Structures are given as C-alpha cells and as structure tokens.
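Residue-level listing of the chains:
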Amino acid sequence: MARKKPILPDYGTVQIKGKTYFRTRVSDDEGNRISLYAESREELFDKVTEVEKLIENKTFRRSTPTVREYCEKWLLMKSANVRETTMIDYRSKVKNHIIEPLGDMKMGDVTADDIRMAIIPASKLSASIFKSVNVLYKCIFHSAFESKVIDKDPTIYLSSEGGGVPQKERIPLTDDQAEALLQATKGLPPYLFVMLGLYAGLRREEILALKWDSVYLDLEAPYLTVRRAWHTENNQPVILSELKTNAAKRNIPLPQRLHEALKEAKASSTSEFVFANKDGQPLSYTQFKRLWTYITTRTAKPRPAKKFVGGKYVKYTLYPKLGEKARNNGKVVYSLDFEVTPHQLRHTYITNLIYSGVDPKTVQYLAGHENSKITMDIYAKAKYNRPKDVAPMLEHVFNQWNETTTK
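Right, let's walk through the structure included here. Note that this is a predicted model, so its numbers are computed, not measured. Just so you know, the residues in each chain are numbered from 1, in the order the chain's sequence is written. Where totals are concerned, whole chains, interfaces and linings use all residues; where local detail is concerned, this predicted model gives features only for residues with pLDDT of at least 70, and gives and counts side-chain atom pairs only at 80 or more. In computing side-chain properties, one takes all heavy atoms of the structure into account and sets aside hydrogens as well as water.

Comments concerning the pattern of salt bridges
Any Lys or Arg side-chain nitrogen found within 4 Å of a carboxyl oxygen on Asp or Glu counts as a salt bridge. Scanning the entire structure with this criterion turns up 12 salt bridges. Asp 113 serves as the salt-bridge partner of Arg 116, at 2.9 Å between the closest nitrogen and oxygen. You can see Arg 116 and its partner Asp 113 sitting in helix α4 (residues 112-118), 3 residues apart, about one turn around the helix. Among the ionic pairs, Arg 228 bridges to Asp 213, the shortest N-O distance being 3.1 Å. Here Asp 213 lies in the loop between α9 (204-207) and β4 (215-216) and Arg 228 lies in the loop between β5 (223-226) and β6 (229-233), a separation of 15 residues in the sequence. On the basis of relative accessibility, which here comes to 46%, the residue Asp 213 falls in the partly exposed class. Helix and strand definitions here come from DSSP, where helices need a minimum of 4 consecutive H or I residues and strands a minimum of 2 consecutive E residues; each element is numbered from the N-terminal end. Burial classification: accessible surface area is computed with a 1.4 Å probe over protein chains only, and a residue below 20% of its type maximum counts as buried, one above 50% as exposed, and the rest as partly exposed.

Below you can see the structure in the form of structure tokens.
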C-alpha cells in the first residue's frame, strides 16, 4: 500500500542570490522565532517537523551569551550588595581563572570537562584560592541555570576537596629574628613598614593605605587609627574607606619605638600617605614588590643568578653566605638567615601580645579579627605549644594525681 503524502502547508518564498527558496518560521518554547529554508516544500516540511520535535524535547539549543559577557553581568549584579573590597577579589579571580580560559565560549557550550581543565592552574595555588575559584564557578553557572540562560549546570559535581597547595603553618619571628630584620632595614625604605607590622600588627593593605591624618603623635597616649585599605587593580593603587570587616576599624596605641620612627618619618614626608612614591601617591603593586626586595636581597638563601661568560649570560645558582657582601652591590650585606613575609610581621605582633599576657578579647580588637575563632586558634598555639608554658601546668596536674593515688 503506497504511503499517503502529507498535506503540505503553503509556504512563502524568498529570492537568495537569484534562486527561489521556500521559507517559514517556527517559534521555540520562549517565543524566539527560527527561520528555516529549503528548495522544496517537502524538504521544508521535513525540517519543520525535525525542529518541532527538538523544541518539544527541549534539546534545541538557543543562543547563549559568552562566558565573558555573562561573568561581567554577574559581577555587576553582585556589586549591588557586596563590599567593594570583596568585589576587587571577585573581579581578579573571575578575570584570571574563568574569563581567561573560557571567556570566548558560549555559556551553553561549556561542559564539566571544560571547567575541570580551566581550573587546573588554580589548583597549583593555595588551597584557599583554589576553593574560592571553585565557589565562583558554582555561583556564576548556577545563577545562569536559575535564570534559564543555560539548560544544565556543568558545575554540579565540581569539588574543591583536596585541591590547592596547603598553606604552611604561620610561624612568628623570634625576638632575635625581629631585631635582626630591623637592623638589616634601618635607613632603608621598608624599615617603617617592618615597624608598623611588628609594633602595630597592621595588615599590608592597612599599612599602604595609612595617611598621616590617621596618626596622632602629639597626644599623651599616641595612637593610629585604621580606616582605609589599599588594593590594586591592573597594578594601580585603589584606596578604599570601606574595610573588609567592621572589626578592621580600630585604634592602636603606639609603643615608644614605633612612635619615634613615625615622628622621624613624618618630619621628612612630603605626602599625605605614610608610604608614597616619588609623586606622593600610594604605591602600586610593582612598587610595593620593589620595596620588599630590599629584604629578600639581604636574605642568605640560594637563588637563581646569571653571569656573563664567553659573550653570553649563563644561569647558575648563587649560594650567599651570612655576613658577606653581594657580588654586584657592595652596599648589600647578607644579614638575614631566615625568610620573612609581610603577614609574618603581623603574626609576630599578635603572638607577642599573647606571650605578654594580654587577654584574648583585647588581642582580638587590636588584631582586627571579626571572628574570635581566629584569635583563639592563634592564642591556643602560642600559649600552649611552648614547653616552658605547659610544664608548670602538667607538674601541677601530676602532683595532684600522685597525691590521690598514694592515699
């Protein structure tokens, strides 16, 4: 029995480059119109039938924005209810770890494997950075899924567990190390930075945003107040009056040694900023790295170097010895047998407060910790990890135990 031919609709026609095509339009489930063309009514009818089935099964992929376009939209939406300090962090991570590897792809085309490949560089960084990049991926693609921009969320099985490089335990400087660092930097640009870290416990972003109008040197009890934070975007400094947390706003008394260093620095300053470049403006990220180089170059640790041999530079490893002068700069003496980071200065300040018997709530205030758990974790490690502090308590416990067992 011969197959009965379907009754074909009376499609319209259109001329394209001198040739006649049959044309019709089909609407998808969101009202978007799709144009279809064919050389015959039968062919066009088959195309319409196929597309209608795809729409019915929700497998017809509509056009979606690129990852770059949607990320920029998402960041704009978040800026309405997120602190600017947080937004700076978001923008940096989204740019480097999402837009950079996937920016030109359509949101609807990104697969779970694409994301797993894109996130590999972040897995080589600290565990905290890797975790936050994972969270950003989940937030952005889940938002697109909730808004029906994409049909599936490719991050549903994404996990940050076990990823990233675990952070080393923060170890405070000993008294001897702190003094060696101050002596090594005396008269050099980073000296006051080191002082503010060791004697006021300021974060790097708080030191580099500090203005002289926040330093009160002529009072009976001199102090400084933390009200601003330094960040950089594209290597340019951004000074914010909005801090990361409310607890970061605090007034810090100035020990005599820091008070004297600040008075000396203010007497010769020509800028409103305590740390400024030659134009009186806050430091860029590159300028801060150059400031810290004064410390790293004085550290006696192996480092890559190069020398001119036979008409070309040859790479080699330099092994500096403590106390000797640098080969290419007689003013630099390798005077530090330890490495130090900006945050280590702050950690040393907090630990010294605890060693001196300052109560945890006061330590929390001076450190600018919003969460008391952070303070107590440091407190517990500093207070009870030293044998000389624990020994008397254990002696008391065991003396009581001996008295009980001998009765």
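Topic: the sheet that holds strand β1 (residues 12-16)
Strand order across the open sheet formed by 3 strands is β1-β2-β3, with antiparallel pairing between neighbours. Looking at strand neighbours, the two that pair on one side only are β1 and β3 (33-38), the edges of this open sheet. Neighbour-to-neighbour, the strand axes of this sheet turn through a mean angle of 40°, independent of strand direction. Two strands form a pair only when DSSP identifies at least two bridges running between them. When strand β2 (residues 19-27) meets β3, the two strands line up antiparallel, connected through 6 bridges. Directly across from Phe 22, in β3, lies its bridge partner Ala 38. Each axis is a line fitted through C-alpha atoms, taken for helices only over the stretch in contact, and angles between the N-to-C directions span 0 to 180 degrees.

Topic: helix α8 (residues 191-200)
Most of α8 is tucked away: 9 of the 10 residues are buried. Burial in α8 covers these residues: Tyr 191, Leu 192, Phe 193, Val 194, Met 195, Leu 196, Gly 197, Leu 198 and Ala 200. Gly 201 sits one or two positions beyond α8 and adopts a positive phi of about 70°.

Digging into helix α7 (residues 175-185)
Where α7 is concerned, the buried positions are Ala 178, Leu 181, Leu 182, Ala 184 and Thr 185. Buried residues of α7, viewed axially, fall in a sector of 165°; they line one side. Within α7, the exposed residues directed more than 90 degrees away from the buried face are Asp 175, Asp 176 and Gln 183. In this structure, the buried residues of α7 make contact with α8, α10 (256-268), α11 (285-296) and α12 (342-355). Gly 187 occupies a position one or two residues after α7 and carries a positive phi of about 85°. The arc in question is the one spanned by the directions pointing from the helix axis to the C-beta atoms. Two residues qualify as a contact provided that any one of their heavy atoms is within 4.5 Å of a heavy atom in the partner residue.

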